[in-house]
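# Architecture at a glance
One letter stands for each residue in the lines below.
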Amino acid sequence: PRKLGALQLTEEIRGDRASRIINQMHGKGVTPADNMIGMYTSREGMATVYQSKYNSRKQSEETLRGMVRGIETGNTPFSDFKSMQIAGQDIFFCIGSGQAHYFFTADEFLYWLATDIHVAEDAAQELIRAIRGSSITT
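Residues numbered from 1 in each chain as written. Predicted model: local features only at pLDDT ≥ 70, side-chain atom pairs only at ≥ 80, totals over all residues. Heavy atoms only, no water.

### Concerning the overall build of the protein
What counts here: Helical segments are the DSSP runs of H or I of at least four residues, strand segments are the runs of E of at least two, and each set is numbered from the N terminus. Using a 1.4 Å probe on the protein chains alone, a residue whose accessible area is under 20% of its type maximum counts as buried, one over 50% counts as exposed, and one in between counts as partly exposed.
Assigned secondary structure in the protein consists of three helices and eight strands. Written out in order from the N terminus, the α and β elements of the protein read β-β-α-β-β-α-β-β-β-β-α. By its C-alpha atoms, the protein is 35 × 30 × 30 Å across when sized along the principal axes. Here the protein holds 138 residues, and 40% of them are scored as buried.

### What to know about the side chain of Asn35
Going by this rule: As used in this structure description, the phrase polar contact means that two N or O atoms lie within 3.5 Å; if the pair is within protein, one of them must be able to donate a hydrogen and the other to accept it, and residues adjacent in sequence are counted only when both atoms belong to side chains. Here, two residues are considered to be in contact whenever any of their heavy atoms come within 4.5 Å of each other.
Considering the arrangement of structural elements, one finds Asn35 in strand 3 (residues 34-42). For Asn35, a relative accessible area of 1% corresponds to the buried category. Engagement of the side chain of Asn35 in a polar contact is seen with the side chain of Ser19, the distance being 2.7 Å. Of note is the side chain of Asn35, whose polar atom sits 2.5 Å from the side chain of Ser52. If we ignore the near neighbours within four places in the chain, the residues touching Asn35 are Ile13, Arg14, Gly15, Ala18, Ser19, Ile22, Gln51 and Ser52.

Rendered as structure tokens:
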């Protein structure tokens, strides 16, 4: 989406560059072929949305379960892990590197939202509303 609450989309990264960034963050190849990163900013804060498109809903959900297992082991920079619902969407939440992180699937897409804590809830709600209110394309 062009906006997440008060945050405006300021940069969009697609394709190979987005894949390289996501893989570099993980220290290994973890992405499918189709990825996008959206960077959002305003005076209120900042957020980044990572979107990966898998071949099927099953594949995106399997990847999500693997992420959850990895965070639950405790060998990550994340804490305060929990599952929750926002606007009727099942979502996972954790804190890490001074940001709030929300991650979830929608059909064959996997989303990860990393955002400043003080704008986190609004950004997460707006992302979910945008995904539900429009066709999901990359």
